[in-house]
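Tertiary structure, described
So you can see what is in the structure, the chains are spelled out below.
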Amino acid sequence: MNVSMKWLSDYIQSHIDPNDLAEKISLHAQEVADVRPLYAAEGLVLGRVESTEAIPDSKNKRCVVTVNGTQRTIVCGAPNVAPGQDVIVADIGATLPGDVTIQKATINGIESAGMIVSLSELGIDKKYHQESGIHVVNDPHHDASFGLDDTVVEIELTPNRMDLMSMLGVAYEVSAIYEVPLTLPEVTVKEVAKVNPYTITSDTPKCMAYYGRVIENVTVKDSPEWLKNRLIAAGIRPINTIVDVTNYIMIDLGQPLHAFDSDTIGTQAIRVKTAETDTTFQTLDGQTRALKSGDILITDGKRPIALGGVMGGLDTEVTQSTTTIFLESAIFEDRQIGQTSRRLDLRSEASLRYERGIAHDRAILALNKAVTMIQALSGGEILKGIAEHVQTPPTPWTVSLQTSRVNQLLGTTLSDAEIKALLERLQLTVKPTKETLEVTIPPRRLDLHTDQDLIEEVGRLYGYNHLDIRLPSTQTQGYLTDHQKRRRAIKSHLEGLGFFESITYSLTHPDLERGFVSREPTAVLRPLSTDQQTLKQTVVPGLLEVLSYHHARQMDDAKIYELRTLYWEEEIETLGIAMSGTSTHSSWKPPVPVDFYSIKGLVQHVLAMFNVSAEFVASRLEAMHPHQTAEIRIAGQVCGFVGKVHPETASQYDLKDIYVAELYITRLAAMSDRHITYTPVTKMQSVRRDLALLVDKTIPAGVVLSTIKSSNVPYLVDAEIFDVYTGSPLLDSEKSLAIRVAFNDANQTFKTEDIDALMDQLLTHLKNEHAVKLRT
Amino acid sequence: MDAFDTLKHAFHARLKTSQTDQELAQLKADYLGKKGEVTQLMQVMKDLSESERPVYGQRVNALKKELSEALNAHKKALEKALLEAQLAAEKIDVTLPGDRVQLGARHILSSIVESIEDLFVGLGYQVKEGPEIESDEFNFEKLNLPKHHPARDMQDSFYIDPNTLLRTHTSPVQVRTMLEVGGQKPVKIICPGKVYRRDDDDATHSHQFMQIEGLVVDHHTSMADLKGTLLKMAQTMFGADRTIRLRPSYFPFTEPSVEVDVSCYNCDGAGCSICKHTGYIEILGAGMVHDNVLKMSGYDPKEYQGFAFGIGVERIAMLKYGIEDIRHFYTNDMRFLRMFNQ
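So, here's what we can say about the structure. Here the structure is a predicted model, which means the values were calculated and not measured. (Residues numbered from 1 in each chain as written. Chains lettered and ligands numbered in written order. Predicted model: local features only at pLDDT ≥ 70, side-chain atom pairs only at ≥ 80, totals over all residues. Heavy atoms only, no water.)

**Considerations on the overall build of chain B**
Each helix and strand counted, chain B has 12 helices and 10 strands in total. Relative to the 2.2 N^0.38 estimate, which gives 20 Å for 342 residues, the radius of gyration of chain B is 43 Å and therefore markedly larger than a compact globule would have. For chain B, the spread of C-alpha atoms along the principal axes amounts to about 130 × 45 × 45 Å. Going through the 342 residues of chain B one by one, you find that 51% of them count as buried. In the form shown here, chain B has an accessible surface area of approximately 16,300 Å², with 53% of it arising from carbon and sulfur atoms. (Helix = DSSP H or I, 4+ residues; strand = E, 2+ residues; numbered from the N terminus. Rg over C-alpha atoms; globule rule 2.2 N^0.38 Å. Buried < 20%, exposed > 50% of the residue type's maximum accessible area, 1.4 Å probe, protein only. Areas by Shrake-Rupley, 256 points an atom, 1.4 Å probe, with all protein chains shown as cover.)

Dropping the structure here:
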């Protein structure tokens, strides 16, 4: 809502500074977007062109202009400058938009004192006028409201404050904030004896009220300067007196109006109805609109003449030759106007007001004020009486307010009288009863229906900045859950190990995920782009994109992770890790490239944080290296995978030798056993023995290790692989595994024979399970 | 020069040239061994008188001790020289650079979320999380945004089906928490998480962003409590000298609703380009929980009331560090991420 300060002064006579108004409105009502002069210029004066004289060899003219009773010479290049015109002169020292300062200048050898300006030179956007030359002022004597020195305060309205979509509504608010008197509009209509011949009927409850007046013998013309300036201030383009008045009243009082050329309406019986599906109607912009059942149609009983609340018809439009006006002031159902205007993409200032809700008690005032203005500007006679159809007359309603509730919610200690006074500033009627304040709400404040609505009014007028500063007295324990703490620990550990946390978009293209997952992805209905159409089912491709970004910038030593939700049948928290480059960081020592075991070590570390023991099972994923990938299983459940990205996949990201892992944290957490048991540190030394085994090459080392660990050989506490060997002199089908095992018992030291016996037992078990041989 | 002196002289001459353990062992055997030179001196004892014997014996023992000590001292010196030679061979160039300690970094958005979590945990709040794919009911309807409400245009949200969407705020977590306690107990929570809106990505808009919402519901939770809480948060994020300002606003789920400004940390309220010469910067939205929301979450608004606030994490980071483009957060450039490591 653009508020013209000049316009506001129709209702608020007290002097108010626009910048102060902006600050107060923003602290007590709504956000203020801007405060700006209507004309971004200073030093403008009115002048009258007395004579013009062509200058030889130039398109410029020498003009004699009277400014404040004194004649001066101005050289002007505009083709439309002519004697007798009232014009705007930028005086010496005036500033115009674009940092232009007017100075005394000599043009074509003639000293020119100032400049006759066009609207464009004053910073008025072309959308508000079609002028190409200097601006000719059409009513220089209406100087009081001329508007050259007007200021516009632009208020951003929230959907609940549609009462501020009119100058009168803003005036109510300003009056309440400043505690200054409000001058309400009063209109006296001078009617002629001839009676308004129209009748109104309605077939639909969607038309709550419809009023019409007729004014005959008008002359449609250009609006006066002050009116145009106010419309431009409001953001509306001036057209002609009739259209301008309907727009003016809409901004002034919030009531949309529509003017018909009465002579083009076939009958004098207006009938409001709803449209039938599959009918069409030609709106005044020349478009043929397809109607739907429910759209509100204004008809003359035979054919539609307007799409109610949205747009008038082409056939009944007011033109330059119109002489009789039928002026409509109606109230239509908000929801229907919203639906129709959205469907037809016909949202206008009028439809917006209907949609958001207009004051239901201003339709007659608006109609009367409009015909009076039309008469003043375009002449004509106003016929006697208002044709009307009233379905639901506007009635005020009452809301009960308890002082205790006001104070409880705001944290204040306001008295009944203070609250009453605050609400009365808004011109609400407040009647105290024993327990409550009974507040009567006028139909202009459609947003006030509950006591909470009124508490907000009390709070904002009282001023939120006067509220106390306290903290809630609620006694509760604040803590992070174990899982939240562990999540932070995982991040800290990984960061300590050189990994950077990434946060990526959750929406992706399903093709990128192919080969990593084979679940049916969840798609959003109307994606913004094809790259963001489904929800992530795997972390890895997003991390590959991040690595690719770094590779393109010569950063190949990249280690990243992301802890994020994946969107399967349920949402699953997942840790993704990706690394490339080296595992050592020296500028001059030979680098050690990362490999499968680097990332597997990280995975094992994270698993250890959950105190779970996992199996790593060689497995295949299309997008992963077929022989360097393992599925991570815990108690038979898949909890992730780890391995090298398939070179073909990696090359799609312009990468190579990338190692990644994905761990399903939700599943780990569910299986995590964080119970801590204490056992005294053993005082006995462990006995270690080395075992060199020849085993079939196809048997994974992990399998041999778990065979050892599950052998039930007493006192066996640890087994660790310390060498793996293939090649000569072994057979091609064999490999050698060197394993160090440890025995310990808290209560005894072992003799050599004891250990020999235990080792025999272990070897026998291994021979039975895997047909191993001792390497000699 | 008697035999003692001769022997001593000869011993030292040999000791001087002995360079190996082996030579020293031989020297020891030759002089101090069973048949060594010093032992030989004892043979003379039998030819001496009773009175001469003790004196002579003492002299031999003294010599034995002296030679033995000399031998040990020489041995130690040799060992030391050997070690020094070895260490010399291990000489390195101490000016070559050391191995780099390569630390990673927490994402700046996570860091900010955690610092806000820590503040509120200290104030007795719990950190609640919830699903990102939400029902229309929890995301909108239970928050006083019925179907056809102007503030919930289909255009603005990523729907998955007519009743399911990517949450547009973390408020549904508040609804879930209130329903969990069945409208019978106070609630004091913050809800961080990812949220989604159907905005085209540009320097200031992102279709995905992080939000932290807070909710307190109790018998007497007031707007003054909200104000104190927000002031504490603003001071934690932007410095202890900051003040806040509340301006009326509108959200369907709160009433009264406010926008909250913090006094500009750059100019301290005097007006500068960061605060667009207003002295204040808008940082979040807040308000008193709407009665309808309380009712739909099982509370009796006559018994319980509460406040809620919501803050955009990216916006805080952008303000705090002067980051000019919201897309930087999702590029994950390590050089960018490293800058905020503390």
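**Some thoughts on empty space enclosed by the protein**
Taken as a whole and assessed by the stated rule, the structure comprises one cavity of 30 Å³ or more. One number sums up the size of the largest cavity: a volume of about 50 Å³. If you trace the largest cavity, you find it lined by A:A29, A:Q30, A:N160, A:R161, A:E456, A:E457, A:R460, B:P248 and B:S249. Residue assignment for the lining of the largest cavity shows that the elements contributing at least two residues are α11 (451-462) of chain A together with β7 (244-251) of chain B. Residue composition of the lining of the largest cavity, by class: two nonpolar, three polar and four charged. (1 Å grid on protein atoms, 1.4 Å probe; cavity = no way out; pocket = protein on both sides within 12 Å on 5 of 7 lines; lining within 4 Å. Points joined across faces, edges and corners; volume = space filled by probe spheres on them. Nonpolar A, V, L, I, M, F, W, Y, C, P; charged D, E, K, R; others polar.)

**Topic: the packing of aromatic side chains**
Aromatic ring pairs: the centre-centre distance and the angle between the two ring planes describe each pair. Evaluated as defined, the whole model comprises 20 aromatic pairs over all chains. Relative to A:Y248, the ring of A:W226 has its centre 6.0 Å away and its plane inclined at 90°; by these criteria the two rings are edge-to-face. One end of the pair, A:W226, is in helix α4 (residues 225-234); the other, A:Y248, is in helix α5 (residues 241-253), with 22 residues separating them in the sequence. Judged by centre distance (4.8 Å) and plane angle (70°), the rings of A:W568 and A:Y664 are edge-to-face. A residue pair is termed long-range when its members are at least 10 positions apart, and A:W568 in the loop between β31 (559-567) and β32 (571-579) and A:Y664 in strand β36 (residues 659-664) qualify at 96 residues. Residue A:W568 shares its accessibility class with A:Y664, and that shared class is buried. Here the aromatic cluster, defined as three or more aromatic residues joined through ring pairs, consists of B:F120, B:Y125, B:F307 and B:F309. The lysine or arginine in question, A:R444, covers the ring of A:Y172, its NZ or CZ lying 3.6 Å from the ring centre. A:R519 extends its terminal NZ or CZ atom over the ring of A:W568, reaching a point 3.7 Å from the ring centre. (Phe/Tyr/Trp six-rings, centres within 6.5 Å; stacked < 30°, edge-to-face > 60°. Lys NZ or Arg CZ within 6 Å of the ring centre and 35° of its normal.)

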